[in-house]
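Coordinate analysis (summary)
Residue strings, one per chain:
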Number of protein chains: 2
Amino acid sequence: MQRVDVSEPDGLDVLRHSAAHVMAQAVQQLFEGTKLGIGPYIRDGFYFDFDAQRPFTPDDLKSIEKTMQKIINQGQRFEREVVTLDEAKRQMADEPYKLELLGEGDDAETAAEGAGVEVGGPEITIYHNVDRSGERVWSDLCRGPHVPSTKLIANAFSVMRAAGAYWRGKEGNPQLQRLYGTAWPTKDDLKAYKERLAEAERRDHRRLGRELDLFSFPEEIGSGLSVWHPKGGLVRGIMEQHARTKHLQGGYTYVYTPHISKADLFAASGHLANYKDDMWPAISMDEETDEDGNVTKQGQDYYLKPMNCPMHILIYKERGRSYRDLPLRFAENGTVYRNERSGALHGLTRVRGFTQDDAHLFVRPDQLEAEVTKVVEFVVDLLRDFGLEQFELELSMKDDDSGKWVGSEEYWESATQALRNVAVGSGLKMTEIPGEAAFYGPKIDLKVTDAIGRRWQLSTVQVDPNLPERFELEYTAEDGSRQRPIMIHRALFGSIERFFAILLEHYAGAFPHGWHPFRSGDSGG
Amino acid sequence: MQRVDVSEPDGLDVLRHSAAHVMAQAVQQLFEGTKLGIGPYIRDGFYFDFDAQRPFTPDDLKSIEKTMQKIINQGQRFEREVVTLDEAKRQMADEPYKLELLGEGDDAETAAEGAGVEVGGPEITIYHNVDRSGERVWSDLCRGPHVPSTKLIANAFSVMRAAGAYWRGKEGNPQLQRLYGTAWPTKDDLKAYKERLAEAERRDHRRLGRELDLFSFPEEIGSGLSVWHPKGGLVRGIMEQHARTKHLQGGYTYVYTPHISKADLFAASGHLANYKDDMWPAISMDEETDEDGNVTKQGQDYYLKPMNCPMHILIYKERGRSYRDLPLRFAENGTVYRNERSGALHGLTRVRGFTQDDAHLFVRPDQLEAEVTKVVEFVVDLLRDFGLEQFELELSMKDDDSGKWVGSEEYWESATQALRNVAVGSGLKMTEIPGEAAFYGPKIDLKVTDAIGRRWQLSTVQVDPNLPERFELEYTAEDGSRQRPIMIHRALFGSIERFFAILLEHYAGAFPHGWHPFRSGDSGG
C-alpha cells in the first residue's frame, strides 16, 4: 500500500484514479449489468467508460454522486493483487472489455501492453476495494497506484458530465458512455475549479460567436467551414490589417497563391506521400478526347492546398537568386484546407479550412540565427499589440536514440544551438523538449497564457533544410558557387480563425475600444 | 456592284473583307493545294483560315504580301453571282470546307445558315475576282459585299501574323492556320494602327508581369492559376487596402466565406443546373462505413465556388432581418474558381481562379434606386483614385419579343427606370442595350477608356430579385408583414487580377509614386 500526498500533482493523479474506481463501483451498484471500459485520470479529473443498458441522465449523475459519497464514507481500502493471466481472466470473467484487453497476448507481458493505461509492466495486477469486514466488494484490472482508503477522496469530488466514446477510441468499435468526474484535495479547490469552468464556459468562443453575431458554420456549406458575419469580419479585418502593416514594416513582402494545384506539386513536396490523409480528396479533371477517341488533353488531379510552402517555393524558383537577395521573406494570409475528422472539429479552433498568417523565409546558413531572432522579437511584439502578455518558448530538438532524423550531426547541433541562443536571448521562459523536432529540423513554439490562465500554443518557427533540398533551391554565393538556402516556416497567429477564437475568449467578447478599422498604420494594440 | 466609302466604318469593313479575299487568292497562288476555311472582317482588320501543307513562316507572310500587291495592282473586279445549291457545290468542288458548309442543308436557306458569316439570306452567292481580260481568276462562297476593284485596297494593307484555329472554332475539329491581316484607307492610318499595336505590345501585361517580376503562372500549379511575386503583391495589396478603406467608409461590411461548399448550396442557388460547365469538377468525399458495412457517414460532393453570392445569402439568412436593418452591404474579396477552357486563358485577364471585389446589397424595393445611385457614384470615385478618367455606362434591358424573362412587366419597368434614372443622373455617357439583361433583372455596366484609348468593361451592377426568391429571403416590414428584399450584385474592379492587368497596361508598368503601402487611409490615387 502506497503513501500518497494528494496536495502534490502526482498524488492528485492517484487520488483521481481512485475516485474513478469509486465512480465505477457506484455505477455498477446502481445499474446492474453495466460493463467496464477503461478509467484513467486526466487533467483536472478522471473519466470511466461504461457499456450501460441506457444513456445516463442528469438525475443518474446525481445518484451516482450520492452512491460514491456512501462508498467514500465506508472507508474502503484499496488492495493490490498480482495475478497470473489465467487468474486475471477468471476474476474478470464478467467484463468482456477487460477480457479483450487480457486476451490480446498469450503471455502476461503482451497482455499487459494490450491493456494500455490499466495494466503495466511485466505483472498483471488487480485492485480490489475491500470493506471494513474484509470483503472484496469491487475489483478492476489496474496497474495502480491508489490511495490507501476511499476516505481520502473526502467531499471534494464531483461527477461532471456524460459523453459518448468509442471503445479504445476507434470509430466502428462499440460506442460506450464516458462519465467525466473531478476530485481535489479540498472543497475550496473544487469550488475554484468549478468557477474556472464556468468562466471558460462564459467565454466559450462558440457561444460568444453566436450571441455577438460574429461567425457561423452553415449546414449548407459543410461542417468545419466558417462564414464570418459583418462584426466578426470587422475585427478580423483589423487584426489582418495590423499584422500586415507590421509585416511590411518588418521587411516581409506579400505574395498571393491559389488554393488549388495540380497533384505534381504536392508529389514533389512530399505531401501526397506523407500527408494525404489530412488532405481533401482530389478534383479530377477528365481526360479530353476528340471524336476519334484521341487524347487531346491528359486527365489531371488537382488538390486543395493543405499548406502554402510549396507555392512560395515556386515563387523563389521563378528566377535566379543571389546571396545578396537573401533573406527573402514571403508572407501570405493563405487559406488552406485539411480533411479533419468530423469528431475532431471544434468551433474556430479546429476547422476544415483556415487561413494561416504564413511566411517562408529563405536564408543563407550564416543568416539563420539572426533571422530567427528577428522572428521571435517580431512575434512577441505583434502579440503584445493584441493585449497578450505572458509568453514562453519551447525548443523542440531531436533526441539521440532514434533513427528518424535526417541531416548531419553538425547541422542539428548548429541549428539547435542557434535556436537555443535565440530562445535564451529572448529573456522568455524556455523549455527544451528532446525528441519533439520535425524529422528535418528543430523548431521553437511560442505559448501564451490568456486572461484566465489557460496556455495556448500559437506561433511556430520551424527550421527546414529539407524542402529546399527536395525542390533543389539554390542561390549564387559570393564566390560564384551554387549554394542551398535554408527555409524558415513561421506562422504567428497560427491560424487566423483560431487566434480570433483565443482573443475572443481572452477578452470575453469585449475587444478593446482602441481597435479601429481605419487607423491601420498605428492601431491594433 | 456596290459603291463603298472606305473612310466610313461600314465601308472599311467591306474593304477589309475584300482584302481577305485578295490574301486568300495570293495564298492559293503561292501554296498549291491549300484549302479555304472562312475569312471575315474583324475589328481593325480581317483574317482567313487555311488548311495548308505546312506552317506559314515569317518569310511566307512577306511573299503573301508581295503577291497581294500584284493582285491589287491588277485592278481585279469583284463580281457577285447568285447560284443554286447544286451550282455552288459544283463551283466549290475542290474546297472540302466550303462543301461541308453547303452540305449541311438540303435547301439553299439552311445551307446558307450553315455557312454562317460567309453566306446569308435565302440566296447563295459566290464572289469572283475577275481580271482585265474578263477571266474569273479566283472565287469564294461569300455573301459580300465587296469593293468594286482590288485597286481600292491601295497600299495600306498588311499581313500581320499566323495563328492556329480549329475549323469552326470547335476543339477536335481539324486545326487550320489563321492569317491575320489589316487594311486601312490611307498609309497614315496603317502607320498609326501599327504604332498603336506596338504600344499595346509594349504595355502587354503578360510581358510586363514577367519583366517587372510581378506574377507568373507556374506549370507545376496548372494553367490559368496565378502566383503573385513580392512586387506584384505589393501593388495588389495597395489596391485592395485602398478599396477596403473606401468600402468601410462607404457603409460596407466585410464578410469572409470558404472557397468550397457542399453541392447542396449550388443546387439551391441554381449554379449546378445552369452553370455547371463553368465550374470545376466535384471533390467527392467518400461514404464512410463501419466494419459491418453500415453507412456511418453519407458520401458528399463539394465544389469550388464559382461565385460568392450563395454564401453571402446564407449570412443574410443567419438571423431574422427587419426593415430597419436594410440596406445590408456585404463585401468580400472572394476568390472564385471557374473551369475556363485552356484556349480561352489569357494572362491575368482570363484565368481559372480569380478574386472578385464582390459585394451583395440586400435592399428594400423602395431603397433600390438610391442604393444603385450610391454604387455608381462609389465606383466612379474609386476608379478615379486609380487614375482612370473616362467612363461610360451601358444599361442592359430586357426586350419585348422573347419569352426568356421572368418577373412582372411592372417590376421590369420600375427596375429599368430606376437604373435609367441613375445612369442619366450620373452625367456619364449612357447607352441602352435592349435584350442584354439577365433573365431576372436589368444591369448597369461601366466601361473605362485607358491611356491608349482602349475600352474595358469593368464594373457591373446587377439587380436580382431571383436569388432572394430561390432562397426565400425575408425581412419584417414596418407593418409586421414578411417581405422579400432585392439583391444587388456588384463588383467594381470586377476581378482584381484583371483590373491589375488593365492598370499595368494603362500605366505601362509605371505605377504612380503616390501609391504607398502604409498610407492606406488616404492613398491609392
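Residues numbered from 1 in each chain as written. Chains lettered and ligands numbered in written order. Predicted model: local features only at pLDDT ≥ 70, side-chain atom pairs only at ≥ 80, totals over all residues. Heavy atoms only, no water.

With that out of the way, let us pick up the overall build of chain A. Secondary structure summary: chain A contains 15 helices and 25 strands in total. Its C-alpha atoms give chain A principal-axis dimensions of roughly 85 × 60 × 55 Å. Classification of the 525 residues of chain A by burial places 56% in the buried group. A fraction of 69% describes how many contacts in chain A between residues 6 or more apart in sequence connect residues 24 or more apart. Counting 64 positive and 84 negative side-chain charges, chain A places the centres of these two groups 5 Å from one another. (Helix = DSSP H or I, 4+ residues; strand = E, 2+ residues; numbered from the N terminus. Buried < 20%, exposed > 50% of the residue type's maximum accessible area, 1.4 Å probe, protein only. Contact = heavy atoms within 4.5 Å. Lys, Arg positive; Asp, Glu negative; His and termini not counted. Charge placed at Lys NZ, Arg CZ, Asp CG, Glu CD.)

Here the focus is the packing of aromatic side chains. As enumerated under the stated definition, the model contains 52 aromatic pairs over all chains in all. Taken together through their ring pairs, the aromatic side chains of Phe 215, Phe 217, Trp 228, Phe 386, Phe 493, Phe 499, Phe 500, Tyr 507, Phe 511 and Trp 515 of chain A together with Tyr 256 of chain B make up a single cluster. The ring of Tyr 47 of chain A has Arg 178 of chain A sitting right over it, with the charged end atom 3.8 Å from the ring centre. The aromatic ring of Tyr 254 of chain A is capped on one face by Arg 244 of chain A, whose charged end is 4.4 Å from the ring centroid. (Phe/Tyr/Trp six-rings, centres within 6.5 Å; stacked < 30°, edge-to-face > 60°. Lys NZ or Arg CZ within 6 Å of the ring centre and 35° of its normal.)

On to the packing of helix α8 (residues 230-249) of chain B against helix α12 (residues 368-385) of chain B, then. Residues and elements named next belong to chain B. One can describe the packing of α8 onto α12 by two numbers: an axis separation of 11 Å at closest approach and a directional angle of 150 degrees. Classified by the angle between their axes, α8 and α12 sit roughly antiparallel to one another. Judged by the twist between their axes, the crossing of α8 over α12 is right-handed. Side by side, α8 and α12 meet where His 242, Ala 243, Lys 246 and His 247 of the first sit next to Phe 378, Asp 381, Leu 382 and Asp 385 of the second. Split by residue class, the contact of α8 with α12 holds three nonpolar, two polar and three charged. (Axes fitted to C-alpha atoms, helices over the stretch in contact; angles between N-to-C directions. Parallel < 35°, antiparallel > 145°, perpendicular 65-115°, else oblique. Left-handed = near helix turned anticlockwise from the far one by under 90°. Nonpolar A, V, L, I, M, F, W, Y, C, P; charged D, E, K, R; others polar.)

Facing 65 residues of chain A, the contacting portion of chain B comprises 65 residues. For the chain A and chain B pair, buried surface summed over both sides reaches about 5500 Å², with 61% attributable to carbon and sulfur atoms. Counting across the interface, chain A meets chain B through four salt bridges. For Lys 262 of chain A, the salt bridge goes to Glu 219 of chain B, with nearest N and O atoms at 2.9 Å. Seen at the junction of chain A and chain B, the total is 19 residue pairs in polar contact (both at pLDDT 80 or more). If one sorts the elements of the side of chain A that touches chain B by residue count, helix α8 (residues 230-249) of chain A sits on top with eleven residues. Taken together, the residues that form the side of chain A that touches chain B break down as 28 nonpolar, 19 polar and 18 charged. (Buried area = accessible area lost by both parts, 1.4 Å probe. Salt bridge = Lys/Arg side-chain N within 4 Å of Asp/Glu carboxyl O. Polar contact = N/O pair within 3.5 Å; in protein donor to acceptor, adjacent residues only side chain to side chain.)

Note on the copies: chain A fits chain B at an RMSD of 0.2 Å, the axial shift is 0.2 Å, and the rotation between them is 180 degrees. Considering both components of the superposition, the chain copies are consistent with a two-fold axis. No C-alpha of chain A lies nearer the rotation axis than that of Ile 283 of chain A, which sits 2.6 Å from it. An overlap of 100% is found between the interface residues of chain A and their copies at the interface of chain B, pointing to a shared contact surface. (Least-squares fit on C-alpha atoms with pLDDT ≥ 70 in both.)

Note that the residue after Leu 326 of chain A, namely Pro 327 of chain A, is joined by a cis bond; omega there is 0 degrees. Residue placement: Pro 327 of chain A occurs in the loop between α11 (309-317) and β17 (328-337). One non-glycine residue with positive phi stands out, namely Glu 472 of chain B, at about 55 degrees. As for its position among the elements, Glu 472 of chain B is in the loop between α14 (466-470) and β23 (475-476). Residue Glu 472 of chain B is classed as exposed on the basis of its relative accessible area, which comes to 57%.

Residues and elements named next belong to chain A. In this structure, Trp 405 sits in the loop between β19 (390-397) and α13 (409-425). Using a relative accessible area of 11% as the deciding quantity, one classes Trp 405 as buried. Along the sequence, Trp 405 and Ala 423 sit 18 residues apart, while their C-alpha atoms lie 22 Å from each other. Apart from the residues lying within four places of it in its own chain, the contact partners of Trp 405 are Met 397, Lys 398, Asp 399, Trp 412, Gly 435, Ala 437, Ala 438 and Phe 439. Side-chain polar atoms of Trp 405 contact the backbone oxygen of Asp 399, separated by 3.0 Å.

This part is about the environment of His 242 of chain A. Residue and element names in this part refer to chain A. Looking at where His 242 falls in the secondary structure, it is placed in helix α8. For His 242, a relative accessible area of 5% gives the class buried. His 242 sits 140 residues away from Leu 382 along the chain, and the two C-alpha atoms are 8.8 Å apart.

Residue position: Asn 173 of chain B is located in the loop between β7 (157-166) and β8 (175-183). The residues contacting Asn 173 of chain B, other than those within four sequence positions of it, are Tyr 166, Trp 167 and Arg 168 of chain B.

All names here are of chain A. Counting buried positions over the eight residues of β19 gives seven, a clear majority of the element. For β19 and strand β21 (residues 443-449), the ladder comprises seven bridges, and the chain directions are antiparallel. Its bridge partner lying in β21, Glu 392 is registered against Lys 447. As judged from the six bridges shared by β19 and strand β20 (residues 429-434), these two strands associate in the parallel manner. Within the sheet, the bridge partner assigned to Ser 396 lies in β20 and is Ile 433. (Pairing = 2+ DSSP bridges.)

Take the domain arrangement of chain A next. Residue and element names in this part refer to chain A. For chain A, the assigned domains are domain 1 (9-202), domain 2 (210-259 + 305-391 + 471-506) and domain 3 (261-303). Between domain 2 and domain 3, the buried area comes to about 1100 Å², and carbon and sulfur atoms account for 74% of it. In terms of surface lost to domain 3, no three residues of domain 2 exceed Pro 306, Asn 339 and Phe 471, which account for 41% of the buried area on that side. There are zero salt bridges connecting domain 2 and domain 3. Take the side of domain 2 that touches domain 3: its biggest share by element is four residues, from α11. Here the residues of the side of domain 2 that touches domain 3 sort into nine nonpolar, two polar and three charged. (Domains from an automatic or database assignment.)

Residue and element names in this part refer to chain A. With respect to topology, three strands assemble into an open sheet ordered β4-β5-β6, the strand pairing being antiparallel. Each of the sheet's edge strands pairs with one partner strand only, and the pair in question is β4 (77-83) and β6 (136-141). For this sheet the average axis-to-axis angle between neighbouring strands, irrespective of direction, equals 25 degrees. Summarising the sheet, strand β5 (residues 124-130) and β6 pair through five bridges and their orientation is antiparallel. Bridge pairing in β6 links Val 130 to Arg 136.

All names here are of chain A. With 92% of its residues at a pLDDT of 70 or more, chain A has an overall mean of 90. A low-confidence stretch, residues 105-120 stays under pLDDT 50, and its non-local contacts, those more than four residues away or across chains, total 33 contacts. The model gives residues 520-525 a pLDDT under 50, and that stretch makes 16 contacts with residues more than four places away or in other chains. Under the prediction, the complex receives an ipTM of 0.84, its pTM being 0.84. (pLDDT = per-residue confidence, 0-100.)

This part covers the sheet that holds strand β20 (residues 429-434) of chain B. All names here are of chain B. One open sheet accounts for eight strands, arranged β11-β17-β18-β25-β22-β21-β19-β20; its pairing is mixed. Of all the strands in the sheet, just β11 (253-254) and β20 have a single pairing partner and so form its edges. The pairing of strand β22 (residues 455-464) with strand β25 (residues 486-495) spans five bridges and is antiparallel. Residue pairing across strands places Gln 462 opposite His 489, the latter belonging to β25. Here helix α11 (residues 309-317) sits on the sheet in contact with β17 (328-337), β18 (353-363) and β25, set at roughly 145 degrees to β17.

Let us now look at the packing of α8 of chain A against α8 of chain B. Look at α8 of chain A against α8 of chain B: their axes get within 13 Å of each other, and the N-to-C directions meet at 145 degrees. Here the hand of the crossing between α8 of chain A and α8 of chain B comes out left-handed. Along the contact surface, α8 of chain A presents Gly 233, Leu 234, Gly 237, Gln 241, Arg 244 and Leu 248 of chain A, while α8 of chain B presents Gly 233, Leu 234, Gly 237, Gln 241, Arg 244 and Leu 248 of chain B. By residue class, the composition of the contact of α8 of chain A with α8 of chain B is four nonpolar, six polar and two charged.

The next thing to look at is the pattern of salt bridges. Residue and element names in this part refer to chain A. A complete count under the given rule lists 68 salt bridges over all chains for this structure. Between Arg 80 and Glu 123 there is a salt bridge whose closest N-O contact spans 3.1 Å. Of this pair, Arg 80 sits in strand β4 while Glu 123 sits in the loop between α5 (108-114) and β5, and the two are 43 residues apart along the sequence. The class for Arg 80 is partly exposed, based on a relative accessible area of 43%.

Residue and element names in this part refer to chain B. Its 16 residues give helix α2 (residues 58-73) an end-to-end C-alpha distance of 23 Å, which sits within 8% of 22 Å, the value for a rise of 1.5 Å per residue. Taken residue by residue, α2 has Asp 60, Leu 61, Ile 64, Thr 67, Met 68, Ile 71 and Ile 72 as its buried positions. Projection of α2 onto a plane perpendicular to its axis shows the buried side chains occupying an angular sector of 145 degrees, all on one side. Facing away from the buried surface of α2 by more than 90 degrees, the exposed residues are Pro 58, Asp 59, Lys 62, Lys 66 and Lys 70. (Expected span 1.5 Å × (residues − 1). Arc of directions from axis to C-beta.)

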